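The residues making up each chain are set out below.
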There are 2 protein chains.
Amino acid sequence: MREEDTFGEWFNRLLLEAEIMDPRYPVKGLCVWLPYGMELRNRVLSVIRGLLQETGHREVLFPLLIPEDAFRKEGEHIRGFEDQVYWVTRGGGEELDVKLVLRPTSETSMYPMFSLWIRSHTDLPLKVFQVVSVFRYETKMTKPMIRMREVTTFKEAHTVHSSREEAEAQVREAISLYSRFFDRLCLPYLVSRRPRWDTFAGAEYSVAFDTLLPDGKMLQIGTVHYLGQNFSRVFDIRFQRPDGTHEYAYQTCYGISERVVAATLVLHADEVGPCLPPSLAPIQVVIVPIPFKEEREPEAYSEEVRRRLEERGFRVVLDRRNLRPGNKFYYWERRGVPLRLEVGPRESSSRTVTLVRRDRRERREVPLEGLPEVLSQTVREMEEEMRERAWRRMEERIRRVSTLQEAGRAAGEGGAVRIPLCGEECARRAEEETGLQVLGEELEGEGGNCAVCGKPGRSFLMGKSY
Amino acid sequence: MREEDTFGEWFNRLLLEAEIMDPRYPVKGLCVWLPYGMELRNRVLSVIRGLLQETGHREVLFPLLIPEDAFRKEGEHIRGFEDQVYWVTRGGGEELDVKLVLRPTSETSMYPMFSLWIRSHTDLPLKVFQVVSVFRYETKMTKPMIRMREVTTFKEAHTVHSSREEAEAQVREAISLYSRFFDRLCLPYLVSRRPRWDTFAGAEYSVAFDTLLPDGKMLQIGTVHYLGQNFSRVFDIRFQRPDGTHEYAYQTCYGISERVVAATLVLHADEVGPCLPPSLAPIQVVIVPIPFKEEREPEAYSEEVRRRLEERGFRVVLDRRNLRPGNKFYYWERRGVPLRLEVGPRESSSRTVTLVRRDRRERREVPLEGLPEVLSQTVREMEEEMRERAWRRMEERIRRVSTLQEAGRAAGEGGAVRIPLCGEECARRAEEETGLQVLGEELEGEGGNCAVCGKPGRSFLMGKSY
């Protein structure tokens, strides 16, 4: 990040230079995924798909278009979303009889169907997910991947249960599942229960994951909602109990978006560009031949290195372009390729390679014999370090404070705070007095005396937020 | 297909009973992919993704929303699509300044960006594809998977080249690629060059793949378009040649949709339900324990069979539900599971299984030792036979005729015809006189004297069509 840049300018340049996304599409808030970015996105999606499938979620695909009457059925929900939905009002030359909403999220598209699918307790639990585009007519400033009018990568899961206990256990499963997902992306996160005024429209409560971006603002990267019977009453999702009586079902939903890709790019970046977690990187290893004086590069040897690694399943590029090695290093660093092998006459004659990790840039000579094993080990170590480094950086910038004055000061220095508050009334007061946002109450956190009224309190997160 | 059914009723029931798709979504022309159908869809997509990636196509993702001015840029294109696009006219409470179209196809979304990406002949060829939903405001009767208002599985490839020759070679590559794709789905197809009046809006010419459904109508399952410089002139996609001069680029595009899934379900079905090509089936093998008299089922043995097959990568279900074997057979046949293993006390004591192929229903005893190899062999043989059977059935219903009278008669019997015609003028006349549709001129086909004017002609396909 150059000093003269804003975070937004830096991030836009990173996306374009790393060939992740092109923000120049001629409509505000819409972007194009470039091939390299798309590969990264698809690898991230396959991690979350795997975690969901392992835990019994099945993939489905619901329509994008929601008829106005279904959309308007749940009062809270529509109040939460009606200012930001796109309306389809015409088809061909005709005005539509029933106006259609582009889904901003899929409760009102899915739940009328759940009502048809669920008859008996034996149909439960129902656990489904889909990966789709959702649309929000954002009037605020948009930002690629972070605040989009078309969110092109929205993974939403929806579950239905026969009791409150089971549904709340599902909330905990979702939190655990997302934690493992963020661990795989080497992302640090804070988990908190959102205050009432920031609860998902129609939910009883919402738990959210936030991470801290380099500009000192919190980015929400995942949410888990307990819906109780709010929607099941409205959409008539009932089941028959073993004793023959009927009851409205208990529901949850939870989602992540391409913001997780944004966080992965940003939290492991340096001044040159991103550093991708090697197990997710579209290209894990770049081999750069180093010519020596007038000698030609050791062609056969670098091909052999490539072949050996590809045979073992590594995603490798051998860069034989007619460019200077330094230019190649820079080219691949800007794209976040995590591992580089330099192969010159010296390496060729000693049958070694020079291994350089993108994050530390330290050089190390490794024999070709056993190289795949060394690389596998390096991938593990590197991801562990990337994860720890990112956690440490975040934790360093989240101060534990006990007064509102301290909170304001700490946030001014570009971070967030943990502050004891006794409940939502004082949380509201704290927001008003500091101009900061209460993200929520930490699920696990140390208490203290409420910074507003002095009564015993619990740990809340406050800061600026996207 | 029961006699009293129309094809449409039968197909709708098949989709719901096989748990592929639920057509009960409360908007005409929109359906829900059910988990099992979604798995099938995703496996079909991974076949086409693989074929595209092997041939150098890279996946991208463009926005759904196209601004009115970009959409209206190419005159032919807009004339072809304007009667069937959905318009987004409002966001939140506001009328939009620039109205947005839901993409009916993505030329006008992609090509403004291609114009930014392409500068030099070294940027070419560009070969990209995406898998997205597209929207058509169909006023005709809609039909799940076949004529939808939201086509949820549209794979469209777009390529840009530096010469007409290279672009036309790409058309041939696409034809070959789609042929291999349909071979993998065991689908028979006919390839023809569409007449001028049925060419893709904005293309110089279109080549299409059709297959014949059980109701005697042709279903278009893939198209390949040569765009020439039509779009590149309008969207200013130019490149610099090695000699420094500039030229407009040459383009192609080609697409397939979920219609290929529909064809796969329908063309290998019998009165019970579909029979999925085993390499694509979400569940390849179902193991059904057969209890004998009062003996319990051989639990340990059926678990062992399952484990052996799963270890070798087969997708297996062991059905231990408390149902009669016959009910289980029917249950899995309705879902198209291609292979069944029956395991009773006899099999357990002889360490064999009884293997039943879904398509032939013949039974065969196979030793557990070596079962994975037998199953792999069976998968290959079965797909080969399914493909041949489907081809034979189609070819039997496509008569070669030499007069318009014969054409009308043959089509009346529920099929299509090959007929010699000298060109598009006589093709138009043939349509008018028979009420049939000219699908196009076969790329490879035997000629004869034009059925309209008697001059030397080439082979055209005529029939009824979706």
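Computed from a prediction, not measured in an experiment: that's the story for all the values here.

## Digging into the sheet that holds strand β4 (residues 65-67) of chain B
Thought 1: Strands sit in the order β4(A)-β6(A)-β5(A)-β5(B)-β6(B)-β4(B) across an open sheet of six strands; the sheet is antiparallel. For this open sheet the edge positions go to β4 (65-67) of chain A together with β4 of chain B, each flanked by a neighbour on one side alone. Going from strand to strand, the sheet's axes swing by 45° on average, the running direction of each strand aside.
Thought 2: Pairing geometry for β4(B) and strand β6 (residues 94-102) of chain B, over three bridges, is antiparallel.

## A closer look at the packing of helix α2 (residues 35-54) of chain B against helix α6 (residues 164-184) of chain B
Residue and element names in this part refer to chain B.
Thought 1: Taken N-terminus to C-terminus, the directions of α2 and α6 make an angle of 150°; their axes are 10 Å apart at the nearest point. In terms of their interaxial angle, α2 and α6 are classed as roughly antiparallel. When you trace α2 past α6, the crossing you get is right-handed. Facing Val44, Val47, Ile48, Leu51 and Leu52 of α2, the residues of α6 in contact are Leu177, Tyr178, Arg180, Phe181 and Arg184.
Thought 2: Along the lines of polarity and charge, the residues of the contact of α2 with α6 split into eight nonpolar, no polar and two charged.

## What to know about the relation of the copies chain A and chain B
Thought 1: Of the transformation superimposing chain A on chain B, the axial component is 0.0 Å and the angular component is 180°, with the fit at an RMSD of 0.0 Å. In short, the pair behaves as if placed about a two-fold rotation axis. When C-alpha positions in chain A are compared against the rotation axis, the closest is assigned to Val88(A), at 2.1 Å.
Thought 2: An overlap of 100% is found between the interface residues of chain A and their copies at the interface of chain B, pointing to a shared contact surface.

## Focus on the domain arrangement of chain A
Thought 1: Domains assigned within chain A are domain 1 (7-267), domain 2 (285-377) and domain 3 (400-465).
Thought 2: The straight-line distance from the C-alpha centre of domain 2 of chain A to that of domain 3 of chain A is 50 Å.

## With respect to the pattern of salt bridges
Thought 1: Enumeration over the complete set of coordinates arrives at 94 salt bridges over all chains.
Thought 2: Taking the shortest distance from any N to any O, the salt bridge between Glu247(A) and Arg241(A) comes out at 2.8 Å.
Thought 3: Classification of Glu247(A) by relative accessible area gives buried; the value is 16%.
Thought 4: Given the relative accessible area of 30%, Arg241(A) is considered partly exposed.
Thought 5: Of the charged contacts, one joins Arg399(B) and Glu413(B) as a salt bridge, the two residues approaching to 2.6 Å between their closest N and O atoms. With Arg399(B) in strand β20 (residues 398-400) and Glu413(B) in the loop between α13 (404-412) and β21 (416-421), this pair connects stretches of sequence that are 14 residues apart.
Thought 6: Three or more residues joined by partner-sharing salt bridges are found here, namely Asp270(A), Glu333(A), Arg340(A), Glu342(A), Arg358(A), Arg361(A) and Arg363(A).

## Thoughts on unusual backbone geometry
Residue and element names in this part refer to chain A.
Thought 1: Residues Leu124 and Pro125 are joined by a peptide bond in cis, for which omega reads -5°.
Thought 2: Inspection of the secondary structure assignment puts Pro125 in the loop between α5 (107-117) and β7 (126-135).
Thought 3: With a phi angle near 60°, Cys186 is a residue other than glycine that sits in the positive phi range.
Thought 4: The topology assignment puts Cys186 in the loop between α6 (164-184) and β9 (190-193).

## Notes on the packing of aromatic side chains
All names here are of chain A.
Thought 1: In the structure shown here, the tally under the stated rule is 47 aromatic pairs over all chains.
Thought 2: When the ring of Tyr111 is compared with that of Phe235, the centres are 6.3 Å apart and the planes differ by 80°; the resulting orientation is edge-to-face. One end of the pair, Tyr111, is in helix α5; the other, Phe235, is in helix α7 (residues 230-235), and 124 residues separate them in sequence.
Thought 3: For Tyr111, a relative accessible area of 0% gives the class buried.

## Some remarks on the side chain of Glu150(B)
Thought 1: With respect to the helices, strands and loops of the structure, Glu150(B) is situated in strand β8 (residues 150-161).
Thought 2: Among buried charged residues, Glu150(B) stands out as having no salt bridge; its nearest opposite-charge side chain is Arg103(A), 4.9 Å away.
Thought 3: Side-chain polar atoms of Glu150(B) contact the backbone nitrogen of Leu64(A), separated by 2.8 Å.
Thought 4: Leave out the neighbours within four places in its chain, and Glu150(B) touches Pro63(A), Leu64(A), Leu65(A), Gly29(B), Leu30(B), Ser133(B), Val134(B), Phe135(B) and Glu258(B).

## Some remarks on the interface of chain A and chain B
Accessible area lost when the parts come together is the quantity often used to give the size of an interface.
Thought 1: Across the contact, 51 residues belong to chain A and 51 residues belong to chain B.
Thought 2: Both sides together, the interface formed by chain A and chain B hides about 4,400 Å², and carbon and sulfur atoms give 65% of it.
Thought 3: Across the contact surface, chain A and chain B share two salt bridges.
Thought 4: A salt bridge links Glu39(A) to Arg58(B); the nearest nitrogen and oxygen atoms lie 3.1 Å apart.
Thought 5: When residues of the side of chain A that touches chain B are traced back to their parent elements, those giving at least two are β2 (32-33), α2 (35-54), β3 (58-59), β4, β5 (86-91), β6 (94-102), α5 and β8 (150-161) of chain A.
Thought 6: Of the residues belonging to the side of chain A that touches chain B, the class tally is 31 nonpolar, eight polar and 12 charged.
Thought 7: Bridge count for β5(A) against strand β5 (residues 86-91) of chain B is five bridges, and the pairing is antiparallel. If you follow Gly91(A) over to β5(B), its bridge partner there is Tyr86(B).

## Observations concerning the side chain of Asp319(A)
All names here are of chain A.
Thought 1: Note that Asp319 resides in the loop between β16 (316-318) and α10 (325-334).
Thought 2: For Asp319, a relative accessible area of 2% puts it in the buried group.
Thought 3: There is a polar contact of 3.0 Å between the side chain of Asp319 and the side chain of Arg321.
Thought 4: Beyond its immediate stretch of four places on either side in the chain, Asp319 contacts Val286, Ile287, Pro289, Lys328 and Trp332.

The rules behind each value
- Residues numbered from 1 in each chain as written.
- Chains lettered and ligands numbered in written order.
- Predicted model: local features only at pLDDT ≥ 70, side-chain atom pairs only at ≥ 80, totals over all residues.
- Heavy atoms only, no water.
- Pairing = 2+ DSSP bridges.
- Helix = DSSP H or I, 4+ residues; strand = E, 2+ residues; numbered from the N terminus.
- Axes fitted to C-alpha atoms, helices over the stretch in contact; angles between N-to-C directions.
- Parallel < 35°, antiparallel > 145°, perpendicular 65-115°, else oblique.
- Left-handed = near helix turned anticlockwise from the far one by under 90°.
- Contact = heavy atoms within 4.5 Å.
- Nonpolar A, V, L, I, M, F, W, Y, C, P; charged D, E, K, R; others polar.
- Least-squares fit on C-alpha atoms with pLDDT ≥ 70 in both.
- Domains from an automatic or database assignment.
- Salt bridge = Lys/Arg side-chain N within 4 Å of Asp/Glu carboxyl O.
- Buried < 20%, exposed > 50% of the residue type's maximum accessible area, 1.4 Å probe, protein only.
- Phe/Tyr/Trp six-rings, centres within 6.5 Å; stacked < 30°, edge-to-face > 60°.
- Lys, Arg positive; Asp, Glu negative; His and termini not counted.
- Polar contact = N/O pair within 3.5 Å; in protein donor to acceptor, adjacent residues only side chain to side chain.
- Buried area = accessible area lost by both parts, 1.4 Å probe.

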